[in-house]
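What follows is each chain in one-letter form.
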Amino acid sequence: MKKYFPTIRDYSLIIASSLLQAVSLRLFFIPANLASGGVSGISQLINHFTGWPIGLMVLIGNVPLFLLGWRFLGGFKFAMRTAVAIVTYSLFTDLLMKIPAFVEYTQLLINDLQGDIFLNSLYGAIVSGVGYGLVYRARGTSGGSDILARILNNWRGIPMTQSYLMVDTVVILSAGFVFGWKAALYAMITLYISGLVAETVLEGGGTVRTAMIVTGKPDDVSNRIMEEMERGVTWLEGRGAYTGNSRPVLYCVVSRAEVATLKAIVHESDPESFLVIGVAHEAWGEGFKPLKGR
């Protein structure tokens with residue numbers, strides 16, 4: 001069972017992701033006429049004119065993209081995870097409206113948020129962003145624009161963020177002609193916020209700070225960091241390009257709350273020090289998250 005646990009966990013995250021994305025679509029995007037981008041946004045437009053089920057349109061629209069992904073991204077693992085994401089998202093999108101309790105709650109929420117496009121876009125971005133983050137953590141894709149963005153990234157070397165923006169912006173701007181430009185503007189904001197939320201879910205909230213310290217008193221500085229902050233310090237060999245003099249560079253990782261303490265220690269130990277504070281998304285090992293089992 002332990003052998004298959006990672007796979008079971010990943011597919012569970014994919015299904016949970018599909019549910020969250022479907023909920024955000026039904027509760028916030030559709031009632032506020034906010035195009036969610038990608039195949040879902042196109043399906044909303046088709047539904048607006050024809051009344052055809054959005055979930056069914058999402059499934060049909062993803063078929064050619066899925067085949068493209070199989071061709072250019074390849075791999076059985078990709079195919080299975082993406083297929084599960086597409087099918088479950090499509091099913092949840094339509095089946096949720098068959099559940100009386102969900103329909104009743106949806107109507108209450110729609111009435112409560114009636115006319116407030118800002119709150120709809122904000123809540124929709126948060127819920128869908130969590131969904132996107134979960135599917136990325138499961139090393140899968142959500143289909144649709146996700147597949148196109150990855151193909152553009154692999155084929156033309158276009159950064160993923162730009163790829164998503166290019167693909168989804170076209171759909172959102174098209175929706176502006178149907179739902180109005182105010183809704184299109186909020187949809188763009190939603191796209192940006194959901195990306196931030198997805199990134200937070202994917203990388204975790206354990207953002208830490210890295211510090212590089214160039215000092216003439218490395219022993220004093222490193223000893224105080226180790227004794228007072230109980231953080232490890234690594235000595236790196238450095239040489240000044242202007243002076244040509246060799247001097248050690250201290251490297252350490254601290255939490256955000258410890259930055260002020262670190263600055264005080266460096267300033268008090270050697271006011272002539274040069275200190276650079278950077279950002280790292282995660283830190284694994286002693287003093288932070290355990291690395292065992294990763």
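A brief structural summary. (Residues numbered from 1 in each chain as written. Predicted model: local features only at pLDDT ≥ 70, side-chain atom pairs only at ≥ 80, totals over all residues. Heavy atoms only, no water.)

## Things to note about the environment of leucine 202
Now for step 1: Inspection of the secondary structure assignment puts leucine 202 in helix 9 (residues 181–203).
Now for step 2: On the accessibility criterion, leucine 202 (35% relative accessible area) is partly exposed.
Now for step 3: Measuring from C-alpha to C-alpha, the distance between leucine 202 and leucine 134 comes to 6.7 Å, with 68 residues separating the pair along the chain.
Now for step 4: Setting aside residues no more than four positions away along its own chain, leucine 202 makes contact with Gly133, Tyr136 and Arg137. (Helix = DSSP H or I, 4+ residues; strand = E, 2+ residues; numbered from the N terminus. Buried < 20%, exposed > 50% of the residue type's maximum accessible area, 1.4 Å probe, protein only. Contact = heavy atoms within 4.5 Å.)

## Structural notes on empty space enclosed by the protein
Now for step 1: With the rule as written, the count across this model stands at 1 cavity of 30 Å³ or more.
Now for step 2: Ile14, Ser17, Ser18, Gln21, Ala85, Tyr89, Val135 and Ser142 are the residues that line the largest cavity.
Now for step 3: Elements that contribute at least two residues to the lining of the largest cavity include exactly helix 1 (5–29) and helix 4 (76–95).
Now for step 4: If you tally residues by element for the lining of the largest cavity, the top one is helix 1, at 4 residues.
Now for step 5: The residue inventory of the lining of the largest cavity, partitioned by class, reads 4 nonpolar, 4 polar and no charged. (1 Å grid on protein atoms, 1.4 Å probe; cavity = no way out; pocket = protein on both sides within 12 Å on 5 of 7 lines; lining within 4 Å. Points joined across faces, edges and corners; volume = space filled by probe spheres on them. Nonpolar A, V, L, I, M, F, W, Y, C, P; charged D, E, K, R; others polar.)

## Considering the packing of helix 10 (residues 218–229) against helix 11 (residues 259–269)
Now for step 1: As a packed pair, helix 10 and helix 11 sit with axes 9 Å apart at the nearest point and diverge in direction by 145 degrees. Once helix 10 is placed against helix 11, the crossing between them reads as right-handed. Judged by residue contacts, Asp220, Val221, Arg224, Ile225, Glu228 and Met229 of helix 10 engage Thr261, Leu262, Ile265, Val266, Glu268 and Ser269 from helix 11.
Now for step 2: Residues that form the contact of helix 10 with helix 11 fall into these classes: 6 nonpolar, 2 polar and 4 charged. (Axes fitted to C-alpha atoms, helices over the stretch in contact; angles between N-to-C directions. Left-handed = near helix turned anticlockwise from the far one by under 90°.)

## Some remarks on the environment of leucine 34
Now for step 1: Relative to the assigned elements, leucine 34 resides in the loop between helix 1 and helix 2 (38–50).
Now for step 2: Separated by 141 residues in sequence, leucine 34 and alanine 175 place their C-alpha atoms 8.2 Å apart.
Now for step 3: Setting aside residues no more than four positions away along its own chain, leucine 34 makes contact with Phe28, Phe29, Gln44, Ile117, Asn120, Ser121, Ala183, Tyr186 and Ala187.

## Looking at the sheet that holds strand 3 (residues 246–254)
Now for step 1: One open sheet holds the 4 strands; their spatial order is 2-3-1-4, and the pairing between them is antiparallel. Because the sheet does not close on itself, it has two edges, and the strands there are strand 2 (234–239) and strand 4 (274–280). The sheet shows a mean angle of 25 degrees between the axes of neighbouring strands, direction not considered.
Now for step 2: Against the sheet, helix 10 contacts strand 1 (208–214), strand 2 and strand 3, and its axis sits at roughly 15 degrees relative to strand 3.
Now for step 3: Across the sheet, helix 11 touches strand 1, strand 3 and strand 4, and the angle it forms with strand 1 is around 10 degrees. (Pairing = 2+ DSSP bridges.)

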